[in-house]
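# Observations on the model geometry
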Amino acid sequence: MNSPYTRCPVVTGIGVIAPNGPNTEAFWKATKEGISVVDMVTREGCEHLPLKVAGEVRDFDPTELIEERFLVQTDRFTHFAMAAANLALEDALLGRADYNRSPFAVGVVTAAGSGGGEFGQRELQHLWGQGSRHVGPYQSIAWFYAASTGQISIRGGFKGPCGVVASDEAGGLDALAHAGRTIKRGTDAVVVGAAEAPLAPYSVVCQLGYEDLSRCEEPDRAYRPFTDAACGFVPAEGGAMLVVEERDAAVDRGSRPRAVVAGHAATFTGAALWEASREGLARAIGSALADAGCAPEEVDVVFADALGVLAADRAEALALADALGPHATRVPVTAPKTGIGRAYCGAPVLDIAAAVLSMEGSVVPPTPNVVDVNVDLDVVTGKSRSADLQTALVLSRGLMGSNSALVLRRCEKSPS
């Protein structure tokens, strides 16, 4: 076994369930073309609520992808995660023949913001309307934010280190970093990521307490970060799961390393204190670059947090200037999430997927619906931009104050 100092975590598989595509290929095609699918909310029970615009996953039938015995005991957010995990495992060519020989060598880590709101609402309605005998036994687990980790590990027979990250929306990045550290400690593979389903009526009502949630009723104007027209963020369903492996182990079994999980750092600056997030995010960026052994000028693309709140967007731009220096105004910055909405913990994992695909395709996807940028950043708008991408910086902040930065490198540029 390699020592922790030489074990290198790499992404080998990507699985996406998103508003702009029920699989990775469809997601990437729409992302690369800058197609926006943010639209009016159609979920039953949400018709009269103030939230009018969101990113819904509409081309998704869990009965075609997940066995009935799992469906009855899980919420929509876990359906997304399980389906995406399957896609990631297939993409990584990691089949049962590989991990049945060593099930303790494969772990699972997910991040979650709120858990199973739709399942919980249904069972609470049974309790209120019919009594406690009509509440199903799976209520005790389906709502829980750890449900996706548990069900993916049970379904796959994965007995390696498993965990759940609860660190705000930034948990999507923190989960990948946790997986990377797990690989360095000796685990061969980790199924990692996040998916959310925040559009049940109960969940929407909870979100209405967020001042930064967009109430705009025009889909093409509801989520416009880095502009004077910014009026908050649009929530979304979906997310992504990845397979992260030790590079030598992946190569030995014939898999294709796609990107190195090179560096990560996280800070905390307090709920909705966006001016303070400048310092916290800058510190996270600087520490992540140091962890990756990466100079600021080596960053080829930034996938921004892009909250869509004037103070938060300004703080993010200033944090990049603080951390990257003069390079901050030259490096391409993008936020594909403006075309699908912000899927809480799933949002940064979708950005990771897009970053890996961008490096492979040598293209920076655009930021849909954004024009007239009001910050001193090279925000890519309108259409994709060709570029030689060797290093990507992915950023995320949470509404409760978490800040996280992750550095990905193409494998050709990674240190041996």
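So, a few notes on the structure that sits alongside this text. (Residues numbered from 1 in each chain as written. Predicted model: local features only at pLDDT ≥ 70, side-chain atom pairs only at ≥ 80, totals over all residues. Heavy atoms only, no water.)

Looking only at helices and strands, one finds 13 helices and 15 strands in the chain. The C-alpha radius of gyration computed for the chain amounts to 20 Å, which stays within 12% of the reference 22 Å derived for 416 residues, consistent with globular compactness. Taking the principal axes of its C-alpha atoms as reference, the chain extends roughly 65 × 55 × 35 Å. A burial count over the chain gives 61% of its 416 residues as buried. Sequence-distant contacts in the chain: of pairs separated by 6 or more residues, those separated by 24 or more amount to 79%. Looking at the chain as shown, the accessible area adds up to about 16,100 Å², and 52% of this sits on carbon and sulfur atoms. The averaged location of the 50 negative side-chain charges in the chain is 4 Å from the averaged location of its 36 positive side-chain charges. (Helix = DSSP H or I, 4+ residues; strand = E, 2+ residues; numbered from the N terminus. Rg over C-alpha atoms; globule rule 2.2 N^0.38 Å. Buried < 20%, exposed > 50% of the residue type's maximum accessible area, 1.4 Å probe, protein only. Contact = heavy atoms within 4.5 Å. Areas by Shrake-Rupley, 256 points an atom, 1.4 Å probe, with all protein chains shown as cover. Lys, Arg positive; Asp, Glu negative; His and termini not counted. Charge placed at Lys NZ, Arg CZ, Asp CG, Glu CD.)

A word on the side chain of E56. Inspection of the secondary structure puts E56 in the loop between β3 (53-54) and α2 (68-71). Overall, E56 belongs to the buried group, its relative accessible area being 5%. Side-chain polar atoms of E56 contact the backbone nitrogen of T42, separated by 2.5 Å. Here the side chain of E56 touches R43 through a polar contact of 3.3 Å, landing on its backbone nitrogen. (Polar contact = N/O pair within 3.5 Å; in protein donor to acceptor, adjacent residues only side chain to side chain.)

Within helix α1 (residues 24-32), burial applies to T24, F27, W28, A30 and T31. The arc that holds the buried residues of α1, viewed along the axis, is 165°, so those residues lie on one side. Check the buried side of α1 and you find it contacts β1 (9-17), α13 (346-361) and β11 (363-364). N-capping of α1 is provided by N23, with a side-chain oxygen placed 3.2 Å from the backbone N of E25. Note on α1: the residue one or two positions beyond its end, G34, has a positive phi of about 70°. (Arc of directions from axis to C-beta.)

Everything listed is a geometric property; what it means functionally is a separate question.
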